[in-house]
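The lines below spell out each chain.
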Amino acid sequence: MVDDFFTDLAASPDPAAPEGSGQPRRDRRERRRGRWWKRTLIVLVAIVALVAVGAGGYVAFISQRADNNLARADLLPPDGQSTYTSKAGTKEKLVKGKESGKGETYLLLGSDARPGETNSRSDVIQLLHISQDGSRVDLVHYPRDLWVDIPGHGKGKINWAFAFGGAPLLVQTLEGLTGVQVDHVANTDFEGFKAMTDALGGVRVWADEASTASGNGGVDIKQGWNDLNGEQALGFVRERYQLSGGDLSRGQRQQAFIKAVMLKVLSPGVIANPVKFTSFVDAATKNTTVDATFSMNDVRRKALSLRGLRGDDIHFHTAPNGGVGQAGDQSIVVFDAAGNHRLAEALRADDMAAYAP
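Across its full length, the chain carries 10 helices and 15 strands. Relative to its full complement of 357 residues, the chain shows a buried share of 44%. Contacts in the chain between residues at least 24 apart in sequence constitute 65% of all its contacts with a sequence separation of at least 6. When the accessible surface of the chain is split by element, carbon and sulfur atoms take 55% of a total near 17,900 Å².

A word on the nonpolar core. Counting 32 residues, the largest nonpolar core has Phe236, Phe257 and Phe280 as its most contacted members. For this core, the elements supplying multiple residues, two or more each, are α4 (190-199), β10 (203-207), α5 (230-238), α6 (247-265) and α8 (274-286). Contacts of phenylalanine 257, omitting those with residues within four sequence positions, involve Phe193, Thr197, Val203, Val205, Ala233, Phe236 and Val237. Formed by 30 residues, the second largest nonpolar core is a distinct cluster that contains Ile125, Val171, Leu248 and Val333.

On to α4. Three or more residues of α4 are buried, namely Phe190, Gly192, Phe193, Met196, Thr197 and Ala199. Following α4 by one or two positions, glycine 201 has its phi on the positive side, about 80 degrees.

Next up on the list: the environment of leucine 263. Mapped onto the fold, leucine 263 is located in helix α6. Through-space distance from the C-alpha of leucine 263 to that of glycine 311 is 7.0 Å; in sequence the pair is 48 residues apart. If we ignore the near neighbours within four places in the chain, the residues touching leucine 263 are Arg310, Gly311 and Ile314.

Two orientations exist for strands paired in a sheet by backbone hydrogen bonds: parallel and antiparallel. Pairing is mixed across the open sheet formed by 7 strands, whose spatial order is β1-β12-β9-β4-β5-β6-β13. With one partner strand each, in any of the chains shown, β1 (71-73) and β13 (314-318) form the two edges of the open sheet. Neighbour-to-neighbour, the strand axes of this sheet turn through a mean angle of 25 degrees, independent of strand direction. As defined by bridge partners, strand β9 (residues 184-189) adjoins strand β12 (residues 288-291) across 3 bridges and the pair is classed as antiparallel. Pairing of asparagine 187 across the sheet is with threonine 289, part of β12. Contacting β4 (104-111), β5 (124-130) and β9, α4 crosses the sheet at an angle of about 85 degrees to β9.

Looking now at the side chain of serine 249. The topology assignment puts serine 249 in helix α6. In this view, serine 249 contacts Glu209, Leu243 and Ser244; residues no more than four positions away in its chain are not counted.

With that settled, consider the pattern of salt bridges. Counted under the stated rule, the structure contains 7 salt bridges. Between arginine 144 and aspartate 247 there is a salt bridge, with the nearest N and O atoms lying 4.0 Å from each other. One end of the pair, arginine 144, is in the loop between β6 (137-141) and β7 (147-150); the other, aspartate 247, is in helix α6, and 103 residues separate them in sequence. The burial state of arginine 144 is the same as that of aspartate 247; both residues are buried. The shortest N-O distance in the salt bridge between lysine 157 and aspartate 145 comes to 3.7 Å. Here lysine 157, found in strand β8 (residues 154-157), pairs with aspartate 145, found in the loop between β6 and β7; they are 12 residues apart in sequence, far enough to count as distant. Shared partners join several salt bridges into a network, and the residues in it are Arg144, Asp247 and Arg250.

Approximately 420 Å³ is the volume attributed to the second largest pocket. Around the second largest pocket sit 25 residues that line it, and Tyr84, Thr85, Lys91, Gly176 and Leu177 are the ones nearest its centre. Listed by contribution, the elements that provide at least two residues to the lining of the second largest pocket are β2 (83-85), β7, α3 (158-178) and α10 (337-348). Here the lining of the second largest pocket is composed, by residue class, of 8 nonpolar, 12 polar and 5 charged.

Conventions and cut-offs
- Residue numbers run consecutively from 1 along every chain, following the written order of its sequence.
- In keeping with the predicted nature of the model, local features appear solely for residues at pLDDT of at least 70, side-chain atom pairs appear and are counted solely at 80 or more, and the whole-chain, interface and lining totals rest on all residues.
- Hydrogen atoms and water are omitted, and side-chain values are computed over all heavy atoms in the structure.
- Each helix is a run of DSSP H or I of at least 4 residues and each strand a run of E of at least 2, with the numbering of both proceeding from the N terminus.
- Accessible area is worked out with a 1.4 Å probe on protein chains only. A residue is then buried under 20% of its type maximum, exposed over 50%, and partly exposed in between.
- Contact criterion: two residues are considered in contact whenever any of their non-hydrogen atoms come within 4.5 Å of each other.
- Areas reported as accessible are Shrake-Rupley estimates using a 1.4 Å probe. Residue values count occlusion only from the protein chains shown.
- Definition used in this section: a nonpolar core is a set of buried Ala, Val, Leu, Ile, Met, Phe, Trp, Tyr and Cys residues joined via side-chain atoms within 4.5 Å.
- For two strands to pair, DSSP has to find at least two bridges joining them.
- Angles here are taken between N-to-C directions and fall from 0 to 180 degrees, while the axes themselves are lines fitted to C-alpha atoms, restricted in helices to the stretch in contact.
- Every case where a carboxyl oxygen of Asp or Glu lies within 4 Å of a side-chain nitrogen of Lys or Arg is listed as a salt bridge.
- Residues are called lining when one of their atoms sits within 4 Å of a cavity or pocket point, these points coming from a 1 Å grid over the protein atoms alone, where a cavity is a set in which a 1.4 Å probe fits but cannot get out and a pocket is an open set with protein on both sides within 12 Å along at least five of seven lines.
- Grid points are joined across faces, edges and corners, and a volume is the space filled by probe spheres set on the points.
- Under the grouping applied here, Gly and all other residues not named as nonpolar or charged are polar, the nonpolar ones being Ala, Val, Leu, Ile, Met, Phe, Trp, Tyr, Cys and Pro and the charged ones Asp, Glu, Lys and Arg.

Right under this line is the structure:
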């Protein structure tokens with residue numbers, strides 16, 4: 001189509017050509033003017049077409065780059081393996097894609113393992129729910145010590161599910177708690193959080209509590225807004241010993257960090273800047289493993305649906321719990337069954353606006 005535009009342009013008469021002697025002067029001027037507007041329109045259309053082709057090529061380039069960077073693994077359990085307790089109190093099998101919730105739900109996992117550590121654990125367990133209409137995002141933090149039913153293993157800390165059976169068993173555990181299918185899983189390490197932050201040129205994060213560099217985070221954080229680079233952000237999400245709620249408070253910091261990253265990525269200064277956006281995509285995808293069904297086309301579609309998202313549209317929650325307790329010799333976070341039921345109902349109905357902890 002673009003070639004046709006330029007062929008037509010080359011074949012059009014030259015507006016500077018001498019007038020033919022057999023035509024009235026006014027008629028010749030009007031014809032020249034008409035040909036000039038036609039050629040101008042053709043040029044404009046050609047430019048728009050070239051820009052569109054370039055934009056499409058850039059999108060394809062980003063998708064291909066991300067797909068090449070991402071590691072993929074079987075992070076989801078087989079269909080029909082998860083069961084949950086219905087509103088009537090009966091055990092029901094969760095059938096994926098049918099009566100298993102509206103909107104989309106992602107499981108975000110992160111490891112606090114330092115370089116050289118090989119033990120398998122997940123210290124970030126965040127369930128991210130995007131409403132069907134894309135008007136809100138809800139992040140539910142599951143404390144790693146939450147005492148829950150783990151399929152095939154009885155009672156245990158929810159983090160043990162990952163140790164026992166990796167992401168598939170953790171997904172099965174969460175699906176059993178909520179009755180909502182987990183559509184996709186993304187697993188990264190804290191070094192990935194650091195790289196993403198630096199690729200964005202830093203992020204601005206809110207801290208409910210101050211902490212000092214003497215804690216396990218190793219960075220000074222003030223109460224209120226903090227502008228953090230990658231190393232500082234890593235310390236921000238690692239800290240727990242100096243926080244009043246321990247791991248519960250650390251989960252809230254992790255949510256604040258995720259929110260800051262989301263808002264920065266969706267800002268015009270990043271999403272409309274090919275260099276910065278490409279750098280972020282590289283940092284995010286090189287440090288992340290996703291489930292085998294994960295598609296960058298899905299991510300692009302979802303990002304477009306969220307382009308109007310604002311800070312007030314992102315909501316934080318902590319899985320219902322009764323605080324710190326004891327189970328035998330284990331220090332745990334006590335599971336709140338009634339509160340979990342309310343959360344599960346809100347997630348299944350895609351009505352988190354009505355959720356009351």
